[in-house]
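One-letter residues, chain by chain:
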Amino acid sequence: MRAHDAHPDGHDHSRPADGHAGHHTHGVSENADSRLLSGALGLIVAFMAGEVAVGVVAGSLALISDAAHMLTDAASIVLALVAMRLAAKPPRGGYTYGLKRAEILSAQANGLSLLLLSAWLTYEAIRRLISPPQVTGGLVLATALVGIVVNVGATWLISRADRTSLNVEGAFRHILTDAYAFIATAVAGLVMMVTGFARADAIASLVVVVLMVKAGLGLVRESGRIFLEAAPAGVSPEQVGRALAARPYVTEVHDLHIWQITAGMTAASAHVLVAPGEDCHAVRADLEAVLAESYGITHTTLQVDHNPDPLLSIGPRPEEHCGDSHGPVHRPGPDHIS
C-alpha cells in the first residue's frame, strides 16, 4: 500500500505531523543573525586590508596566510548571509522544502575552502622552512595582536547568532580558527624579535594549517551526512524502531527513515502496523509524541495500517503487503529486529 492509498476501513491513516506547524524558531531571529554576521564581516574586511599591506612590508608569510584566511572568513560570512536569505524563502514549485539546504551548501563550501587553502599554505610553509626569508618580527607581532582583538570581536558577534544552523556554525569555525592563527602568529613574531629565528614564521603557518584542516574536515563531514540523508549524529534508527515497536498495540514498524532536511530540522517516516480492531489514529498520535519527546523529531509522516489477521499467524510474512520495504523490520519483544 502506498502512503496515500485509501485503507480498506475507509480511514486515511497516513498524515504528516509537525509540532511547529511548518515554522522553525531559533534562539535569535534571522534579522538579528544577519546583523551580527554583517557586523563581523565589517570588522574582518577592514582589518584584512591593513594586514595584507603590513604582511607585504614585513615579508611575513604568517601574516599573508592569516589575511588569506580572513578573505575566506569574509567569503564564508557573505555566503552564510546569502544562504540565510535563500533558506528563508517559502517552498514553491518542485522545492517542497524550500531552499533550506542552501545553508548546508554554504557550510560545505566553507569546509572545502578551508581544506584547499590549507593545502596551499602547507606548500608555502615547507618552502619557507627550507629557505627562510627575512621577516620583520616587530611588525608581525604588532599586527597579530591587533588581529587577535579583531577576531575575538568578530567571534563574539557570530557566537551570539543561532549556531544550531550549520551555515552559521561554518562561519563561526572560520573566524575562531583565524583567532587561534593570530595567537600562533603573535608567538612567532615574538620569537623572531627575541631570537632572530626566522623559521618561526613558517612554523606558525603550519600550526594554522592544522587548525584549518580540523575545522574544514568537521564541516565537510557534518554537511556530507545531511546530503547523504544520514540520521543525525547521536540518533540511532535501530533504537528508535525498537522504541516505536514497543508501544501499545504496535505489531510491526518497517520502512523507518530518519534524516535531516537541514541542521536542526530532523524528519522521520515509517510504516506502522497496528493490532486488528485498535484505534490507528490514537496509536499514531502516541508514536508522534514518542518521537517528539524522546528524540526531538517533530516532522513525521507515519503510515499506520491495521495488521491483517494472517500476518499474526506463525509463518513467513506475505511479501505483497509491502513488497518494496527498506531496512530492518521491528516487532515487539526484546531486541526483535528482522
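Keep in mind it's a predicted model, so treat the numbers as computed, not measured.

Caption draft 1: Examining the packing of helix α5 (residues 166-195) against helix α6 (residues 200-227) more closely. Where α5 meets α6, the closest approach of the two axes is 8 Å, and the angle between their N-to-C directions is 170 degrees. With respect to α6, the axis of α5 lies roughly antiparallel. Among the residues forming the contact of α5 with α6, the class breakdown is 16 nonpolar, 5 polar and 3 charged.

Caption draft 2: Quick look at the nonpolar core. L37, A40, I44, M70, I77, I158 and I175 are the most contacted members of the largest nonpolar core, which has 26 residues in total. Looking at this core, the elements with two or more residues in it are α1 (30-58), α2 (61-87), α4 (137-159) and α5. Sorting elements by how many residues they give to this core places α1 first, with 7 residues. Excluding residues that lie within four positions of it along the chain, I158 makes contacts with L37, A40, I77, R163, V168, A171, F172 and I175. Among the nonpolar cores identified, the runner-up in size contains 21 residues, and L244, A245, A270 and I297 belong to it.

Caption draft 3: Looking closely at the pairing of strand β3 (residues 265-274). Most of β3 sits inside the fold, with 10 of its 10 residues counted as buried. Where burial is concerned, the two faces of β3 agree: the one with M265, A267, S269, H271 and L273 and the one with T266, A268, A270, V272 and V274 are both buried. Two elements, strand β2 (residues 250-262) and β3, share 9 bridges in a ladder whose sense is antiparallel. The partner of Q260 across the bridge, within β3, is T266. If you look at the hairpin formed by β2 and β3, you'll find 2 residues sitting between the two strands, and G264 has a positive phi there, around 80 degrees. Two elements, β3 and strand β4 (residues 299-306), share 8 bridges in a ladder whose sense is parallel. When the sheet's bridge partners are listed, S269 is paired in β4 with T301. In this fold, β3 hands off to helix α8 (residues 280-295), which returns the chain to β4; that crossover is right-handed.

Caption draft 4: Fine view of the packing of helix α3 (residues 102-130) against α6. Remark: α3 packs on α6, axes separated minimally by 7 Å, with the N-to-C direction vectors making an angle of 155 degrees. Classified by the angle their axes make, α3 and α6 are roughly antiparallel. Helix-helix and strand crossings are classified by hand; for α3 and α6 the assignment is left-handed. Of the residues belonging to the contact of α3 with α6, the class tally is 22 nonpolar, 9 polar and 2 charged.

Caption draft 5: Region of the structure containing a nonpolar patch on the surface. On the surface, Y180, I183, V187, V191, F197, I203 and V207 cluster together into a nonpolar patch covering about 570 Å² of accessible area. Among the secondary structure elements, those contributing two or more residues to the nonpolar patch are α5 and α6. Broken down by element, the nonpolar patch gets its largest block of residues, 4 residues, from α5.

Caption draft 6: Representation of the confidence of the model for the protein. On average, residues of the protein score 80 in pLDDT, and 83% of them are at 70 or above. Predicted confidence for residues 1-13 stays below pLDDT 50, and this span has 25 contacts to residues more than four positions away or in other chains. Throughout residues 311-316 the model reports pLDDT below 50, and contacts reaching past four residues in sequence, or to other chains, amount to 7 contacts.

Caption draft 7: Spatial organisation of the side chain of N307. With respect to the element layout, N307 can be found in the loop between β4 and α9 (309-312). One polar contact links N307 to T251, side chain to side chain, over a distance of 2.7 Å.

Caption draft 8: Region of the structure containing the packing of aromatic side chains. Counted by the stated rule, this structure contains 1 aromatic pair. Each ring, one from F47 and one from F182, has its centre 5.5 Å from the other, and the planes form 75 degrees; the classification is edge-to-face. You can see F47 sitting in helix α1 and its partner F182 sitting in helix α5, a full 135 residues away along the chain.

Caption draft 9: Structural context of the pattern of salt bridges. With the rule as written, the count across this model stands at 8 salt bridges. Between R173 and E222 there is a salt bridge, with the nearest N and O atoms lying 2.8 Å from each other. Here R173 is found in helix α5, whereas its partner E222 is found in helix α6, with 49 residues between them in sequence. Salt bridges here are not isolated pairs; linked through shared partners, they connect E169, R173 and E222.

Cut-off values and rules
- Residues numbered from 1 in each chain as written.
- Predicted model: local features only at pLDDT ≥ 70, side-chain atom pairs only at ≥ 80, totals over all residues.
- Heavy atoms only, no water.
- Axes fitted to C-alpha atoms, helices over the stretch in contact; angles between N-to-C directions.
- Helix = DSSP H or I, 4+ residues; strand = E, 2+ residues; numbered from the N terminus.
- Parallel < 35°, antiparallel > 145°, perpendicular 65-115°, else oblique.
- Nonpolar A, V, L, I, M, F, W, Y, C, P; charged D, E, K, R; others polar.
- Core = buried A, V, L, I, M, F, W, Y, C linked by side-chain atoms within 4.5 Å.
- Buried < 20%, exposed > 50% of the residue type's maximum accessible area, 1.4 Å probe, protein only.
- Contact = heavy atoms within 4.5 Å.
- Pairing = 2+ DSSP bridges.
- Right-handed = clockwise from strand over helix to strand, strands pointing away.
- Left-handed = near helix turned anticlockwise from the far one by under 90°.
- Patch = residues over 30% accessible without salt bridge, like charges linked within 9 Å, V, L, I, M, F, W, Y side chains within 5 Å.
- Areas by Shrake-Rupley, 256 points an atom, 1.4 Å probe, with all protein chains shown as cover.
- Salt bridge = Lys/Arg side-chain N within 4 Å of Asp/Glu carboxyl O.
- pLDDT = per-residue confidence, 0-100.
- Polar contact = N/O pair within 3.5 Å; in protein donor to acceptor, adjacent residues only side chain to side chain.
- Phe/Tyr/Trp six-rings, centres within 6.5 Å; stacked < 30°, edge-to-face > 60°.

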